[in-house]
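As a plain string of letters, each chain reads:
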Amino acid sequence: MIKLEQIHRDFQVGDQTVHALDDINLEITQGEYLSVMGPSGSGKSTLLNLIGMLDHATSGIYTLNGQNVTQMDEHQEAETRNRHIGFVFQAFHLIPRLTAAENIELPLVLAGMSPAERYQRVEQALKAMNLIERAHHKPDQLSGGQRQRVAIARATITEPAVLLADEPTGNLDQKSGQDVIDTLETLNKKGITLIVVTHDHHLGDRSHRSLKMVDGRIVSDRSHVQAET
Amino acid sequence: MLTRDFLSLTGRSLLTHKLRSFLTMLGISVGIAAVIILTSIGEGLHKFILSEFTQFGTTLVGINPGKTDTMGMSMGVFGTERPLSIEDAQAMKRLSFVKSVVGLIQGNAEVEGNNRTRRTTVYGTGTEFPDVFSMPVQRGQFLPSDNPFQPRALAVLGSKVKQELFGNDNPVGQRIRIGGDRYRVVGVMASKGQVLGFDLDDTVYIPLARGLEMFNREGLMEIDVLYHEGTREDTVVEGIKRLLTARHGREDFTITTQQQMMDVLGNILDIITFAVAAIGAISLLVGAIGIITIMTISVSERTAEIGLIRALGARHGQVMMLFLGEAVVLSALGGCVGLVFGIGLGQFLTLVIPALPVHTPWSYVVIAEISAALIGLVAGVLPARRAARLDPVEALRNE
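Residues numbered from 1 in each chain as written. Chains lettered and ligands numbered in written order. Predicted model: local features only at pLDDT ≥ 70, side-chain atom pairs only at ≥ 80, totals over all residues. Heavy atoms only, no water.

### Re the overall build of chain A
When its secondary structure is counted, chain A shows 7 helices and 10 strands. Here chain A has a C-alpha radius of gyration of 18 Å; the compact-globule value for 229 residues is 17 Å, and the two agree. Along the first, second and third principal axes, the C-alpha atoms of chain A reach 50 × 40 × 35 Å. Across the 229 residues of chain A, 54% fall into the buried class. (Helix = DSSP H or I, 4+ residues; strand = E, 2+ residues; numbered from the N terminus. Rg over C-alpha atoms; globule rule 2.2 N^0.38 Å. Buried < 20%, exposed > 50% of the residue type's maximum accessible area, 1.4 Å probe, protein only.)

### What to know about the overall build of chain B
The number of helices and strands found in chain B is 12 helices and 12 strands. In terms of C-alpha radius of gyration, chain B reaches 33 Å, well past the compact-globule figure of 21 Å for 399 residues. Along the first, second and third principal axes, the C-alpha set of chain B runs to 100 × 50 × 35 Å. The proportion of buried residues among the 399 residues of chain B is 49%. Of all intrachain contacts in chain B linking residues separated by at least 6 positions in sequence, the fraction that spans at least 24 positions is 79%. Seen as two clouds, the 36 positive and the 37 negative side-chain charges of chain B have centres 3 Å apart. (Contact = heavy atoms within 4.5 Å. Lys, Arg positive; Asp, Glu negative; His and termini not counted. Charge placed at Lys NZ, Arg CZ, Asp CG, Glu CD.)

### Notes on the packing of aromatic side chains
Taken as a whole and judged by the stated rule, the model has 7 aromatic pairs over all chains. Among the aromatic residues, ring-to-ring pairing joins Tyr123, Phe129, Phe133, Phe142 and Tyr205 of chain B into one connected group. (Phe/Tyr/Trp six-rings, centres within 6.5 Å; stacked < 30°, edge-to-face > 60°.)

### So, empty space enclosed by the protein
According to the stated counting rule, one finds 4 cavities of 30 Å³ or more in the structure shown. Of the pockets and cavities examined, the largest cavity occupies roughly 130 Å³. Along its surface, the largest cavity is lined by 14 residues, and Arg97 of chain A together with Arg302, Glu305, Ile309 and Leu322 of chain B are the ones closest to its centre. Mapped onto the lining of the largest cavity, the elements with two or more residues apiece are helix H3 (100-111) of chain A together with helix H1 (3-16), helix H9 (303-311) and helix H10 (316-352) of chain B. Its residues assigned to classes, the lining of the largest cavity comprises 8 nonpolar, 2 polar and 4 charged. (1 Å grid on protein atoms, 1.4 Å probe; cavity = no way out; pocket = protein on both sides within 12 Å on 5 of 7 lines; lining within 4 Å. Points joined across faces, edges and corners; volume = space filled by probe spheres on them. Nonpolar A, V, L, I, M, F, W, Y, C, P; charged D, E, K, R; others polar.)

### Quick look at the interface of chain B and chain A
At the junction of the two partners, chain B supplies 27 residues and chain A supplies 28 residues. The tally of links between chain B and chain A comes to 3 salt bridges. Close ionic contact of Arg12 of chain B with Glu102 of chain A constitutes a salt bridge, the shortest N to O distance being 2.5 Å. Counting across the chain B and chain A interface gives 9 residue pairs in polar contact (both at pLDDT 80 or more). (Salt bridge = Lys/Arg side-chain N within 4 Å of Asp/Glu carboxyl O. Polar contact = N/O pair within 3.5 Å; in protein donor to acceptor, adjacent residues only side chain to side chain.)

### Notes on the confidence of the model for chain B
Of all residues in chain B, 96% have pLDDT values of 70 or greater, and the mean over the chain is 89. Within chain B, the element-level pLDDT minimum falls on strand S8 (residues 194-195) of chain B, averaging 74, and the maximum on strand S10 (residues 203-207) of chain B, averaging 95. (pLDDT = per-residue confidence, 0-100.)

### Observations regarding the nonpolar core
Ile2, Leu4, Leu47, Ile51, Tyr62, Leu64 and Ile195 of chain A are the most contacted members of the largest nonpolar core, which totals 68 residues. Sort the elements by how many residues they give to this core and helix H11 (residues 362-389) of chain B lands first, with 8 residues. Excluding anything up to four places from it in sequence, Ile2 of chain A contacts Leu26, Glu27, Ile28, Ile51, Tyr62, Thr63, Leu64, Val162 and Ile195 of chain A. (Core = buried A, V, L, I, M, F, W, Y, C linked by side-chain atoms within 4.5 Å.)

### With respect to the domain arrangement of chain B
Here chain B is partitioned into domain 1 (3-52 + 264-397) and domain 2 (82-251). Here domain 1 of chain B and domain 2 of chain B have C-alpha centroids that lie 56 Å from each other. (Domains from an automatic or database assignment.)

### What about the sheet that holds strand S3 (residues 33-37) of chain A?
All names here are of chain A. Pairing in this open sheet of 6 strands is mixed, and the strands run S6-S7-S8-S3-S9-S10 from one edge to the other. Here the strands that pair on one side only, and so sit at the sheet edges, are strand S6 (85-88) and strand S10 (217-223). Pairwise comparison of adjacent strand axes, ignoring direction, gives a mean angle of 15° for this sheet. As defined by bridge partners, strand S9 (residues 209-214) adjoins S10 across 6 bridges and the pair is classed as antiparallel. Note on S10: the bridge partner recorded for Lys212 is Ser220. (Pairing = 2+ DSSP bridges. Axes fitted to C-alpha atoms, helices over the stretch in contact; angles between N-to-C directions.)

### Some remarks on the packing of helix H5 (residues 144-156) of chain A against helix H6 (residues 174-189) of chain A
The description of two helices packed together rests on the angle between their axes and the distance between the axes. All names here are of chain A. It is the contact of H5 with H6, at a shortest axis distance of 9 Å, that shows an interaxial angle of 20°. Here H6 runs roughly parallel to H5, going by the angle between their axes. Where H5 crosses over H6, the two elements pack in a sense that is right-handed. Each of Gly145, Gln148, Arg149, Ile152 and Thr156 in H5 lies in contact with H6, whose residues at this interface are Ser176, Asp179, Val180, Thr183, Leu184 and Leu187. Residues of the contact of H5 with H6, tallied by class, amount to 4 nonpolar, 5 polar and 2 charged. (Parallel < 35°, antiparallel > 145°, perpendicular 65-115°, else oblique. Left-handed = near helix turned anticlockwise from the far one by under 90°.)

### A short note on the pattern of salt bridges
What the rule picks out here adds up to 22 salt bridges over all chains. The shortest N-O distance in the salt bridge between Asp22 of chain A and Arg217 of chain A comes to 3.4 Å. With a gap of 195 residues between them, Asp22 of chain A in strand S2 (residues 16-28) and Arg217 of chain A in strand S10 connect regions that are remote in the sequence. Given the relative accessible area of 17%, Asp22 of chain A is considered buried. Salt-bridge contacts for Arg97 of chain A lead to Glu305 of chain B; the nearest nitrogen and oxygen are separated by 2.6 Å. One end of the pair, Arg97 of chain A, is in the loop between S6 and H3; the other, Glu305 of chain B, is in helix H9, on a second chain. Grouping residues by exposure puts Arg97 of chain A and Glu305 of chain B together as buried. One network of salt bridges, with partners in common, ties together Arg97 of chain A together with Arg302, Glu305 and Glu326 of chain B.

### Topic: a positive patch on the surface
Residues and elements named next belong to chain B. A contiguous patch of positive charge on the surface is contributed by Arg175, Arg177, Arg182 and Arg184. Only strand S6 (175-178) and strand S7 (181-189) provide two or more residues apiece to the positive patch. Considering the arrangement of structural elements, one finds Arg184 in strand S7. (Patch = residues over 30% accessible without salt bridge, like charges linked within 9 Å, V, L, I, M, F, W, Y side chains within 5 Å. Areas by Shrake-Rupley, 256 points an atom, 1.4 Å probe, with all protein chains shown as cover.)

### Regarding the sheet that holds strand S5 (residues 67-68) of chain A
Residue and element names in this part refer to chain A. Reading across from one edge, S2-S1-S4-S5 is the order of the 4 strands in this open sheet, with antiparallel pairing throughout. The two strands at the open ends of the sheet, each matched to only one other strand, are S2 and S5. Where strand S1 (residues 2-13) meets S2, 9 bridges bridge the pair, whose relative direction is antiparallel. From the neighbouring strand, Ile2 faces S2, where its bridge partner is Ile28.

### A closer look at the layout of surface pockets
Of the volumes computed, that of the second largest pocket is approximately 650 Å³. Lining the second largest pocket are 31 residues, with Ser45, Thr46, Asn49 and Asp166 of chain A together with Arg397 of chain B sitting closest to its centre. Residue assignment for the lining of the second largest pocket shows that the elements contributing at least two residues are S2, helix H1 (44-51), S6 and strand S7 (162-166) of chain A together with helix H12 (392-397) of chain B. Of the residues forming the lining of the second largest pocket, the biggest block, 5 residues, is contributed by H1 of chain A.

This is the structure in structure tokens:
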């Protein structure tokens, strides 16, 4: 469902050109659980942003669900992001003045869905994330793990095909981190394509397929069958 | 995005920084209040001055000697043009549309009566004066219709002159001296107050022919014609022009209609109102700069949030609208508060200084509110565009 062909992403830093992504060829099928690992500055996040259509390739072709993303206009891009892609960030990125429930429904609000319909979906998401009692709390009244669960609920509220997580456990303690990973893996089992950028080897090992990146290139791409499944 | 959600999101973010939003709003409020109060005074002045003039009626035409195309006192009073004569005034009475005609000459003289003396304005005029200028007689009668060329020595006192010379006594029938000549008082005018600084009560009226003699003048300073209502103004002007041109051999006089006076005056007053509004607008400008400042700060503070909503699928336009919305809501609310302040202050001024005419037309209120919202829109464009143009990847990196 995701296909990257000869993707390059160059940045101009001063008078130097930095190749953040250097000839990336990658195919990801529906329902995969993929981890992207590598040192800082290896291009992991750039790859994730590119797949999430927040960033644009300098050259190459990116196909999502058979559609050539590189040729989309701003409007189509935004709509595709809204409907097909969910983001989870290390820093949660919750809007502090909105309650948990309001943060979760934000993508639906942006899409112009009616409040009645939104309410149903948000209720469901809250239930699934075990956040019912926290629905009307502001982010600063939530624990780190709860915040990230709110962020995951928000990322999945539009039922996207792909969930992109950039260091989702980076700001969490061991236990909350494990919680979040469990949540993400449950979603993956239900069919969502999960792509996780991480430094955490433990997390990398759990994924079904892991990429290793160095200097904008994919240096290893191996699949490992999960023992537990 | 639904309008309801749009408003809710906008309101929420404004309420997050209550003090900041309030102060920004206050900037616009002060501006709008200033514009409203200044234009209200301007407009009040406008109405006041026009009503001072219309109290003489709108079907009034003045004829002055000398031909001018501009406003102001005609030099013909002292010049070589053929003067306007009592005969001219007599002739005009025969025009069909004319209701009354009265000639006028004005000067200063010493008035002596009841062993007191007062220097005052003396008008030489005719029996129709109260009619033409809507100035009623309070006691006795106005000058009777004598032979216009040889009138009796009769005088009518303005209420102030009467008060000064005779106190509460009845002056009718009393003898007075005006400029050394003996006159008999036949009436007292009702008090009219001041018009633009001229005290209309500090006057004495004597017959026109005697006025000409007293001030040693050949011609009248002015002839005023009151025409029948429903007559077209240009018919009146044309009729008078034809008659006087025939009598004088050329057009050596100026006809000023009340409407012309009002138009010119109205224009001047409009400019005054506009000028004070412009002064008020300066404070609005300052308010607008406040909005730009706060919105710019707000955009940089919320950079990460902007990146986030872009990631969640917000389009450029939506981001722009959200920030523009905040600016417009701020300024529109500020405008409302300013309106309340401005109108309230106007009412207060009316209470405290009743002489100061204050009038706030509804159209100004509506225009002020619309401009407040527009100011917000314009002031918000720059910061909102900045927000919309942020690179989402960069924005998300901002914590």
